[in-house]
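Here are the chains, one letter per residue:
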Amino acid sequence: MSSPDLSDAERQAVAAVLRTPNLSMGGEILAFEAAFQAYTHSRNALGVSSGTAGLHLCVRAAGIQDGDLVITSPFSFVASANVLLFERATPVFVDVEPHTGNIDPQQAHQAASDLLAGGRAAARWLPRRGAEAGGALKALLPVDVFGQPAEMDAICATARDYDLKVIEDACEALGAEYNGRKTGTLGDYGVYAFYPNKQITTGEGAVIVTDDDAAADLMRALRNQGRAPGDTWLQHTHLGYNYRLDEMSAALGRVQLSRIEELLGKREQVARWYTERLEEIPGVEAPQMAPSTTQASWFVYVVRFAPGFDRDAIARRLEQQGVPARPYFLPIHLQPYMVERFGYRAGDFPVTEDLGKRGLALPFSGVMSEQQVETVCRMLARVI
Ligand SMILES: Cc1ncc(COP(=O)(O)O)c(C=O)c1O
């Protein structure tokens, strides 16, 4: 489905780390974080071991705990909702916009207003079961889906109206711009992730950015087993985690980030090849961009089939021809553990479910050739 874009510079940087005795908590993580600060113009950048770890730390920094409510999207990778469950908070899902798959900002605003009003108004947004009565609304957690920014101006306005924190899940959107501003920097905290299919990779890893210095200090302590500044190796002021990013990963990330414009440009070119060819295949819809997406950052290339097409049969046939393709996303609220815990049913979030039924991710990376894109599209046309 995907392949990282690595050069000898990355290989040399990782090999150089392995010639030193410092494999964790050395100079590479500091250099990587400094490069990220400069790239995003953020006051703080923290390397962590995964996007999930980064989002979890943001949830802790936002003070989200037992029974609290957080408005988020059911059309996402599960981690964005799971990090709330880690702290025994309740994700309050609102449906998404049909074109982008990003959280619908009007519905998010209405949900915030109703949840704060309480009673019957609040109840229509809560799951059938599993939410504690009287839970406090603490935050919004929008996701920049497939590399396209959520409608962050409206979301941040809702947060200001109701005194809520905003955790921006930019795990899929490093380099994207919303009305000229970088994703990940638009809320109180943002997280970019670097699994090998992402725009840059560290193997596993992520970076949190925030302008909130106190939150950054807390998250630095929490990622390092709860050690506050001044604590020794065996002193732990907080209940923390080992969410550190090692030096090999940081070195890899530092070189990848120095190539970011090249990497994003190659991905954009591959997306353009796909879009040009798909125009010729009836019933296949290319990804759509919102006007606020002044710079897209392609993470995956997800097409949608017109109603009546059998997406799963198409995926199976493609696979038989040696072309991998994956449904993207399966809605979070219909994952078995979510159904069991909160009593969700099919039909609860119709737009999310419709996108989940019709979307198919095609093979995508910055190292794909025009010939490979051509082959995938020819196969797709034939299978259809
Ligand atoms: C939207 C979103 N959030 C969170 C994550 C979690 O990141 P990681 O796999 O690095 O834990 C991902 C990863 O794919 C993601 O796509």
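Everything quoted here is computed from the prediction, not taken from an experiment.

Visitor: What is the right way to read the sheet that holds strand β13 (residues 326-327) from this model?
Guide: Backbone hydrogen bonds are what pair the strands of a sheet, in a parallel or an antiparallel way. In space, the 4 strands of this open sheet follow the order β10-β12-β14-β13, with antiparallel pairing throughout. The sheet is open, and its two borders are formed by β10 (284-285) and β13, each paired with just one other strand. Relative to strand β14 (residues 359-362), strand β12 (residues 301-305) is paired through 4 bridges, and the arrangement is antiparallel. Along β14, the bridge assignment pairs Val303 with Leu360. Strands in contact with helix α11 (residues 311-320) are β12, β13 and β14; relative to β14, the strand with the most contacts, it is inclined by about 20°.

Visitor: Even after reading the chapter, I still don't get the site of the ligand, so can you show me in this structure?
Guide: Around the ligand, a shell composed of 13 residues is seen, among which Gly51, Thr52, Asp169, Glu172 and Lys198 lie nearest. One nitrogen or oxygen atom from the side chain of Thr52 is found 2.5 Å from an oxygen atom belonging to the ligand. With respect to the ligand, the side chain of Glu172 contributes an N or O atom lying 2.6 Å from an oxygen atom. Taking 390 Å² as the accessible area of the ligand by itself, protein coverage stands at 90%. Put simply, the ligand lies in the largest pocket. In terms of residue count, helix α3 (residues 51-61) provides more of the shell around the ligand than any other element does, 3 residues in total. For the shell around the ligand, the residue count by class is 6 nonpolar, 4 polar and 3 charged.

Visitor: What am I meant to see in the layout of surface pockets here?
Guide: Remark: the empty space left among the atoms is shown by a probe the size of a water molecule rolled over them. Counted as a void, the largest pocket has a volume near 340 Å³. Looking at the largest pocket, it is lined by 21 residues, and the ones nearest its centre are Phe77, Cys171, Ala193, Tyr195 and Lys198. Take the lining of the largest pocket: its biggest share by element is 3 residues, from α3. Considering only residue class, the lining of the largest pocket consists of 11 nonpolar, 6 polar and 4 charged.

Visitor: Explain empty space enclosed by the protein to me, please; I cannot follow it from the model alone.
Guide: All chains considered together, the criterion is met by 2 cavities of 30 Å³ or more. In this structure, the largest cavity encloses a volume near 160 Å³. Residue composition of the lining of the largest cavity, grouped by class: 11 nonpolar, 6 polar and 2 charged. When its volume is computed, the second largest cavity comes out at roughly 80 Å³. For the lining of the second largest cavity, the residue count by class is 4 nonpolar, 7 polar and 3 charged.

Visitor: Even after reading the chapter, I still don't get the sheet that holds strand β5 (residues 165-169), so can you show me in this structure?
Guide: Taken in spatial order, the 7 strands line up as β1-β9-β8-β5-β4-β2-β3 in an open sheet, and their pairing is mixed. Either end of the sheet is taken by a strand with one partner, and the two such strands are β1 (44-48) and β3 (90-93). Strand-to-strand twist of the sheet, defined as the mean angle between neighbouring strand axes without regard to direction, takes the value 25°. In this sheet, β3 lies alongside strand β2 (residues 69-72) in parallel orientation, the contact comprising 4 bridges. Bridge pairing in β3 places Val70 opposite Pro91. Running over the sheet, α3 touches β1, β5, β8 (189-193) and β9 (206-210) and is turned about 170° from β8.

Visitor: Please clarify how the side chain of Gln335 should be interpreted in this entry.
Guide: Topologically, Gln335 is positioned in the loop between β13 and α12 (336-342). Only 3.4 Å separates the side chain of Gln335 from the backbone oxygen of Leu330, close enough to count as a polar contact. Once residues within four sequence positions are removed from consideration, Gln335 is found in contact with Val78 and Leu330.

Thresholds, definitions, all that
- Residues numbered from 1 in each chain as written.
- Predicted model: local features only at pLDDT ≥ 70, side-chain atom pairs only at ≥ 80, totals over all residues.
- Heavy atoms only, no water.
- Pairing = 2+ DSSP bridges.
- Helix = DSSP H or I, 4+ residues; strand = E, 2+ residues; numbered from the N terminus.
- Contact = heavy atoms within 4.5 Å.
- Axes fitted to C-alpha atoms, helices over the stretch in contact; angles between N-to-C directions.
- Near = heavy atom within 4 Å.
- Polar contact = N/O pair within 3.5 Å; in protein donor to acceptor, adjacent residues only side chain to side chain.
- Areas by Shrake-Rupley, 256 points an atom, 1.4 Å probe, with all protein chains shown as cover.
- 1 Å grid on protein atoms, 1.4 Å probe; cavity = no way out; pocket = protein on both sides within 12 Å on 5 of 7 lines; lining within 4 Å.
- Sits in = over half its atoms within 2 Å of the grid points.
- Nonpolar A, V, L, I, M, F, W, Y, C, P; charged D, E, K, R; others polar.
- Points joined across faces, edges and corners; volume = space filled by probe spheres on them.

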